[in-house]
Amino acid sequence: DTAVSQTPKYLVTQMGNDKSIKCEQNLGHDTMYWYKQDSKKFLKIMFSYNNKELIINETVPNRFSPKSPDKAHLNLHINSLELGDSAVYFCASSQDPGRVFGNTIYFGEGSWLTVV
Amino acid sequence: GNSVTQMEGPVTLSEEAFLTINCTYTATGYPSLFWYVQYPGEGLQLLLKATKADDKGSNKGFEATYRKETTSFHLEKGSVQVSDSAVYFCALIGGYNKLIFGAGTRLAVHP
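Residues numbered from 1 in each chain as written. Chains lettered and ligands numbered in written order. Predicted model: local features only at pLDDT ≥ 70, side-chain atom pairs only at ≥ 80, totals over all residues. Heavy atoms only, no water.

J.: Explain the overall build of chain A to me, please; I cannot follow it from the model alone.
T.: Of regular secondary structure, chain A possesses 0 helices and 11 strands. Counting helices and strands in the order they occur from the N terminus, chain A gives β-β-β-β-β-β-β-β-β-β-β. Relative to its length of 116 residues, chain A is compact, with a C-alpha radius of gyration of 14 Å against a globular reference of 13 Å. Referenced to the eigenvectors of the C-alpha coordinate spread, the extents of chain A come out at roughly 40 × 30 × 30 Å. When the 116 residues of chain A are sorted by exposure, 46% land in the buried category. Here the analysis covers contacts within chain A between residues at least 6 apart in sequence; of these, 56% occur between residues at least 24 apart. (Helix = DSSP H or I, 4+ residues; strand = E, 2+ residues; numbered from the N terminus. Rg over C-alpha atoms; globule rule 2.2 N^0.38 Å. Buried < 20%, exposed > 50% of the residue type's maximum accessible area, 1.4 Å probe, protein only. Contact = heavy atoms within 4.5 Å.)

J.: Please clarify how the interface of chain A and chain B should be interpreted in this entry.
T.: In many reports, interface size means the accessible area that the parts give up when they come together. The partner chain B presents 22 residues to the 24 residues of chain A that form the contact. Between chain A and chain B, the buried area comes to about 1900 Å², and carbon and sulfur atoms account for 60% of it. Per-residue buried area on chain A facing chain B is highest for A:Lys41, A:Leu43 and A:Phe107; these three make up 26% of the total on that side. Summed over the shared surface of chain A and chain B, the number is 1 salt bridge. Across the salt bridge formed by A:Glu58 and B:Lys98, the nearest N and O atoms sit 3.0 Å from each other. Linking chain A with chain B are 7 residue pairs in polar contact (both at pLDDT 80 or more), by the criterion used here. (Buried area = accessible area lost by both parts, 1.4 Å probe. Salt bridge = Lys/Arg side-chain N within 4 Å of Asp/Glu carboxyl O. Polar contact = N/O pair within 3.5 Å; in protein donor to acceptor, adjacent residues only side chain to side chain.)

J.: Just to check I follow, could you spell out the packing of aromatic side chains for this structure?
T.: In this description, an aromatic ring pair is defined by two values, namely the gap between the centres and the angle between the planes. Scanning all chains against the criterion turns up 14 aromatic pairs over all chains. Aromatic pair A:Tyr35 and B:Phe101: ring centres 5.8 Å apart, planes at 90°, arrangement edge-to-face. Taken as a pair, A:Tyr35 in strand 4 (residues 31-37) and B:Phe101 in strand 11 (residues 99-101) lie in two separate chains rather than in one. Each member of the pair, A:Tyr35 as well as B:Phe101, is classed as buried. Here the aromatic rings of A:Phe107 and B:Tyr36 are separated by 5.3 Å at their centres, their planes lie at 85°, and the arrangement is edge-to-face. Pair noted here: A:Phe107 is in strand 10 (residues 106-107) and B:Tyr36 is in strand 5 (residues 33-38), and the two residues belong to different chains. For the pair shown, A:Phe107 and B:Tyr36 are each scored as buried. Grouped by ring-pair contacts, the aromatic residues A:Tyr10, A:Tyr33, A:Tyr35, A:Phe90, A:Phe107, A:Trp112, B:Phe34, B:Tyr36, B:Phe89 and B:Phe101 constitute a single cluster. (Phe/Tyr/Trp six-rings, centres within 6.5 Å; stacked < 30°, edge-to-face > 60°.)

J.: Sorry if this is basic, but what is going on with the state of the cysteines here?
T.: Residues and elements named next belong to chain A. Evaluated as defined, the whole model comprises 2 disulfides over all chains. Linked covalently through their sulfurs, Cys-23 and Cys-91 form a disulfide whose S-S length is 1.8 Å. The chirality of the disulfide connecting Cys-23 with Cys-91 is left-handed, given an S-S dihedral of about -80°. On the criterion of sequence distance, the pair formed by Cys-23 in strand 3 (residues 19-25) and Cys-91 in strand 9 (residues 87-94) is long-range, its members being 68 residues apart. Residues Cys-23 and Cys-91 agree in their burial class; the two are buried. (Disulfide = S-S within 2.5 Å.)

J.: Help me out: how do you make sense of empty space enclosed by the protein in this one?
T.: To find the voids left in a structure, one rolls a probe of water-molecule size over its atoms. All names here are of chain A. Scanning the model with the defined rule gives 1 cavity of 30 Å³ or more in all. Looking at the largest cavity, the residues that line it are Asp-30, Met-32, Tyr-49, Asn-51, Lys-52, Ser-68, Asp-70, Lys-71, His-73 and Leu-74. Counting residues per element, the ones that place at least two in the lining of the largest cavity are strand 7 (64-70) and strand 8 (73-78). Its residues placed into classes, the lining of the largest cavity shows 3 nonpolar, 3 polar and 4 charged. (1 Å grid on protein atoms, 1.4 Å probe; cavity = no way out; pocket = protein on both sides within 12 Å on 5 of 7 lines; lining within 4 Å. Points joined across faces, edges and corners; volume = space filled by probe spheres on them. Nonpolar A, V, L, I, M, F, W, Y, C, P; charged D, E, K, R; others polar.)

J.: When you look at the environment of B:Phe18 in this model, what are you seeing that I'm missing?
T.: All names here are of chain B. Within the secondary structure, Phe-18 is located in the loop between strand 2 (11-14) and strand 3 (19-21). Note: C-alpha distance between Phe-18 and Gly-41 (23 residues apart in sequence) is 25 Å. Once residues lying within four places of it in the same chain are set aside, the contact partners of Phe-18 are Leu-13, Glu-76, Lys-77 and Gly-78.

Here it is as C-alpha cells:
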C-alpha cells in the first residue's frame, strides 16, 4: 500500500518534448513537494503546495509547471525538455507544517528522467 | 542561510565494522534534523529524526543525537551489514518545511 506513488518510474525522451510526471499520496497530508536529484546525487526542492496552493517555487525555469488538482495529487509538467533536465524527480508529502512541528516528509520512489 | 555539511564519501567498511558519518548544520533557531537513506536504484526513505536538542533518533541499529552545542547530528551504527550499503543524506527542516539536504555520503560495506 504505497504512501506516495509517482509515475512513470523511468522515462526516456528526446530534447524538445513535453512530458508529465504524476504523483499521488494516500496519507491524508495537506502539503506536497517536488524535489530534484542531479547526477551527483544532490537533492534540492523545486516546489511545494499546501492544500492546492503554491507555497515554494525555488527559482525553477518556467518550463516546469506543477499542477495540483486536489491535495492528494501534485503533477509536474515539463515543456521543451533539455539535456540538463535529466535527473531523478522525487515527489513527497507531509502534514501541514503550520500545524505540526518537526514534520516528517515522506518521499515517493522517484522518477528517473533521461533526455537524449 | 540554512545549510548541511556531511563528510565526503565513499565510506568503505568491512561487515561488522563501526560506522560514523559526520553531519554538521548551520541554521537559525533549532530545526528538526533527519537522516534519509537511498538504496541503489530506489527512492528516499526516512531513517531517523530528532526534533530538539539532546534528542536521539534511532532505527534499524542506526543512531544520531541532536547536539546543539556542536551543531551536529552524526550517524552511527555499531555493526554494519552488506545490506546497509546505500547513500545517506543528512537534512534539516528550513522555513516553509523545506528540507535542506547535505550532499550525501555513499557507504559501501564488503563481506
